[in-house]
Amino acid sequence: MSRRCELTGKGALVGHTVSHSNIKTKRRFLPNLVNVTLQSEALGRSVRLRISANALKSVDHRGGLDAFLLKARDGELSPRALLLKRQVSKKVTAAPAAS
């Protein structure tokens, strides 16, 4: 399981731990990933994703998973999230035409 957010693409960074004597040792800065279940209004089902806590705040701020996916760039999304985005956009474009 990779340490990468499925929605924002945020991954591990590399840096140094600097001691008092200024000795630098390599270390990794890992993203704060959480397993969450989000509701998709357009699809009418829940979706399990492994996303960063920052992405969870962004999803909440944008008004839900569907709104986040429609606004997100394709390059940032994981293949699974990209598939979800296509499904959501298909449902959203078909819904106004049906009513």
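Report follows, based on the coordinates. Here the structure is a predicted model, which means the values were calculated and not measured. Every chain begins its residue count from 1, and numbering advances along the sequence as written. With pLDDT at 70 or above as the cut-off, local features in this predicted model cover only qualifying residues; side-chain atom pairs require 80 or more to be listed or tallied, and sums for whole chains, interfaces and linings still use all residues. Excluding hydrogens and water, the side-chain values take into account all heavy atoms of the structure.

**A word on the overall build of the chain**
Next up, step 1: Strands are runs of DSSP state E lasting at least 2 residues, helices are runs of H or I lasting at least 4, and numbering of each runs from the N terminus. In terms of regular secondary structure, the chain is built from three helices and four strands.
Next up, step 2: With C-alpha atoms as the basis for the radius of gyration, the globule rule is written as 2.2 Å multiplied by the number of residues raised to the power 0.38. In terms of overall dimensions, the chain is more spread out than a globule: its C-alpha atoms have a radius of gyration of 18 Å, far above the 13 Å expected for 99 residues.
Next up, step 3: Along the three orthogonal principal directions, the C-alpha set of the chain runs to about 70 × 25 × 20 Å.
Next up, step 4: Counting over 99 residues, the chain shows a buried share of 30%.
Next up, step 5: Whether two residues are in contact is decided by their heavy atoms: any pair within 4.5 Å suffices. The long-range fraction of contacts in the chain, counting pairs at least 24 apart against all pairs at least 6 apart in sequence, stands at 42%.
Next up, step 6: Charge separation in the chain, taken as the distance between the mean sites of 19 positive and 6 negative side-chain charges, equals 10 Å. The cut-offs for exposure are 20% and 50% of the maximum accessible area for each residue type, with area from a 1.4 Å probe on protein chains only; residues under the lower value are buried, those over the upper are exposed, and the others partly exposed. For this count, His and the chain ends are skipped, Lys and Arg are scored as positive, and Asp and Glu as negative. By convention, charge coordinates are those of NZ in Lys, CZ in Arg, CG in Asp, or CD in Glu.

**A word on the packing of aromatic side chains**
Next up, step 1: Two aromatic rings from Phe, Tyr or Trp, using only the six-membered ring of Trp, form a pair when their centres are within 6.5 Å; if the ring planes differ by under 30 degrees the pair is stacked, by over 60 it is edge-to-face, and anything between is tilted. Enumeration according to the criterion identifies zero aromatic pairs in this entry.
Next up, step 2: Remark: a charge is flagged as sitting over a ring if the NZ atom of Lys or the CZ atom of Arg is within 6 Å of the ring centre and within 35 degrees of the ring normal. Residue placement shows Arg 27 over the ring face of Phe 29; its charged tip is 3.8 Å from the ring centre.

**Structural notes on the side chain of Glu 6**
Next up, step 1: In this fold, Glu 6 is placed in the segment before β1 (13-18).
Next up, step 2: Assessed through its relative accessible area of 13%, Glu 6 is described here as buried.
Next up, step 3: Discounting residues that sit within four places of it in the chain, Glu 6 has contacts with Leu 49, Arg 50, Ile 51, Glu 76, Leu 77, Ser 78, Arg 80 and Ala 81.

**A closer look at the nonpolar core**
Nonpolar side chains in soluble globular proteins tend to be buried together.
Next up, step 1: Only buried residues count toward a nonpolar core, which is a set of Ala, Val, Leu, Ile, Met, Phe, Trp, Tyr and Cys residues joined through side-chain atoms within 4.5 Å. If you look at the biggest cluster of nonpolar residues, it comprises 20 residues, and the most contacted ones within it are Leu 7, Leu 38, Leu 49, Ile 51, Leu 65, Leu 69 and Leu 77.
Next up, step 2: Elements with a contribution of two residues or more to this core: β3 (33-40), β4 (45-52), α1 (53-62), α2 (65-71) and α3 (79-98).
Next up, step 3: With four residues, α3 is the largest single contributor of residues to this core.
Next up, step 4: Apart from residues lying up to four places away in sequence, Leu 77 is in contact with Glu 6, Leu 7, Leu 69, Ala 72, Leu 82 and Lys 85.

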